[in-house]
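# Structural description and commentary
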Amino acid sequence: MQIVRKFLPLSLAFMAACSTQSQLNPNLRRPNNLQAQSTQRAIPKPPTKIIVSPNQNDRPADAKISAIVLHHTATSGTADAVGRFFQNPKAKVSSHYIVDRTGYLIEPVSEEARSWHAGRSSFQGQGNVNDFSIGIEICNVGDSLEPYPDAQYDSIIKLVAYLMDKYNIPVSGITRHRDIGLPAGRKIDTSNNFSMERVFEGVAALRAGTYQSPPAKPPVSVNLPEFIEVTAPSGQSFEDLADIYLDVPARAEELAALNPTIASRGLRAGDTVRIPLTYAYYGIK
Ligand SMILES: [Zn+2]
């Protein structure tokens, strides 16, 4: 599916991210020398703000937490905005953690509970990945252009290292939504410019006691468009596009509101569809 970018005053940061994009391999490669648990000392849990999402239930009684799934939020909204969205029962989605662009962490569902982040999915031959995984949502529009700030990587590294250590999760248990969504190709998160290698390297350094958090920097200001435009392939519905681009099928209503002409006559292959990059359409800011 081709993404046509319009209405977008590209910042220098965007262009820098774009130029390095081709150097990052979208295929997930894992180091083979990273142990599940720290041999030094337990990795502490990073500080989080706890909120409660109703979009959760009990894990199956025999479920053992054995995987970590990384997502991007597909929105320009902050972690607080995404958290408020997850508190809406109509959203029917959640995650255990949300990582803001500033590195700030929100915890909408406790690790013991089953959060609703992966949908139809399979990982290492096991279906219903929500049953046995921890879901982490990373704030990013997901267009493979918006950079992931250093402070955000820093929090992701600390969170993943803590979870691997606590649950004895091997490096083979770290995955992305795009690698487990069913049918294959349904999901695109995390975006191509998110570096799993950087996460693995950071976890290894944290274990070795050589990790250094990046220096605090003021947040990078980026000009984000209100929407992107995509060309609809054949056989897709607004719900399919909302699932792919916004990570939430229920956001199809936003697509209809933003594309009234197409909505009134039905989506056709080749249509140019506007995809919103904000939760503002829910009245949640
Ligand atoms: Zn996802």
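Now for a quick tour of the structure. Just so it is clear, the structure is predicted and the values come from calculations on it, not from any experiment.

Cut-offs applied
- Residues numbered from 1 in each chain as written.
- Predicted model: local features only at pLDDT ≥ 70, side-chain atom pairs only at ≥ 80, totals over all residues.
- Heavy atoms only, no water.
- Helix = DSSP H or I, 4+ residues; strand = E, 2+ residues; numbered from the N terminus.
- Buried < 20%, exposed > 50% of the residue type's maximum accessible area, 1.4 Å probe, protein only.
- Contact = heavy atoms within 4.5 Å.
- Areas by Shrake-Rupley, 256 points an atom, 1.4 Å probe, with all protein chains shown as cover.
- Polar contact = N/O pair within 3.5 Å; in protein donor to acceptor, adjacent residues only side chain to side chain.
- Core = buried A, V, L, I, M, F, W, Y, C linked by side-chain atoms within 4.5 Å.
- Salt bridge = Lys/Arg side-chain N within 4 Å of Asp/Glu carboxyl O.
- Pairing = 2+ DSSP bridges.
- Phe/Tyr/Trp six-rings, centres within 6.5 Å; stacked < 30°, edge-to-face > 60°.
- Lys NZ or Arg CZ within 6 Å of the ring centre and 35° of its normal.

### A look at the overall build of the chain
Broken down by element type, the chain carries eight helices and 13 strands. Every one of the 285 residues in the chain was classed for burial, and the buried ones make up 51%. A separation of at least 24 residues holds for 78% of the contacts in the chain among residues at least 6 apart in sequence. Only carbon and sulfur atoms are counted for the fraction: they give 52% of the accessible area of the chain, which is about 12900 Å².

### Topic: the environment of Ser-191
In this fold, Ser-191 is placed in the loop between helix H4 (177-180) and helix H5 (196-208). Its relative accessible area of 2% is what places Ser-191 among the buried residues. Between the alpha carbons of Ser-191 and His-71 there is a distance of 8.6 Å; along the sequence they are 120 residues apart. In this structure, Ser-191 is in contact with His-72, Asn-140, Gly-142, Ser-144, Tyr-148 and Arg-178, ignoring residues within four places of it in sequence. Of note is the side chain of Ser-191, whose polar atom sits 2.7 Å from the side chain of Asn-193.

### Let's talk about the nonpolar core
Residues Ile-68, Ile-136, Val-160, Leu-163 and Phe-194 are the most contacted members of the largest nonpolar core, which totals 34 residues. Residue assignment for this core shows that the elements contributing at least two residues are strand S4 (67-72), strand S5 (97-99), strand S10 (133-138), helix H3 (150-167) and H5. Each residue touching Ile-68, except ones within four places of it in the same chain, is listed here: Ile-134, Ile-136, Val-160, Leu-163, Met-164, Ile-169, Gly-173, Ile-174 and Thr-175. Among the nonpolar cores identified, the runner-up in size contains 14 residues, and Ile-228, Val-230, Ala-242 and Leu-246 belong to it.

### Section: the pattern of salt bridges
Summed over the entire model, instances satisfying the criterion amount to 15 salt bridges. A salt bridge links Asp-271 to Arg-265; the nearest nitrogen and oxygen atoms lie 2.9 Å apart. The exposure class of Arg-265 is partly exposed, given its relative accessible area of 37%.

### Focus: the side chain of Arg-176
One can find Arg-176 in strand S11 (residues 174-176). Arg-176 gets classed as buried once you look at its relative accessible area, which sits at 2%. There is a polar contact of 2.8 Å between the side chain of Arg-176 and the side chain of Asp-179.

### A word on the pairing of strand S12 (residues 227-231)
Of all the five residues making up S12, four are buried; the element is thus mostly covered by neighbouring parts of the structure. Inspection of the sheet shows S12 paired to strand S13 (residues 272-276) by five bridges, in the antiparallel sense. Among the inter-strand pairings, Glu-229 is bridged to a residue of S13, identified as Arg-274.

### Let's talk about the sheet that holds S5
Ordered by their spatial adjacency, six strands build an open sheet running S2-S6-S5-S10-S4-S11, and the pairing between neighbours is mixed. Because the sheet does not close on itself, it has two edges, and the strands there are strand S2 (49-50) and S11. Examined bridge by bridge, S4 and S10 share six bridges and lie parallel to one another. By the bridge assignment for S10, Ile-68 is matched with Ile-134.

### Some thoughts on unusual backbone geometry
The omega angle of the peptide bond from Leu-182 to Pro-183 is -5 degrees, so this bond is cis rather than trans. Mapped onto the secondary structure, Pro-183 falls in the loop between H4 and H5. Looking along the chain, the bond that leaves Asp-189 and enters Thr-190 is cis, with omega of 5 degrees. Mapped onto the elements of the fold, Thr-190 is located in the loop between H4 and H5. Despite not being glycine, Gln-124 shows a phi value in the positive range, around 50 degrees. Positive phi is not limited to glycine here, since Asn-168 has a value of about 55 degrees. Of note, Asn-168 is situated in the loop between H3 and S11.

### Remarks on the packing of aromatic side chains
Scanning the model with the defined rule gives four aromatic pairs in all. Arranged with centres 6.3 Å apart and planes meeting at 45 degrees, the rings of Phe-85 and Phe-86 form a pair that is tilted. Accessibility assignment for this pair places Phe-85 and Phe-86 in one class, buried. Lying across the ring of Phe-85, Arg-251 places its NZ or CZ 5.9 Å from the centre.

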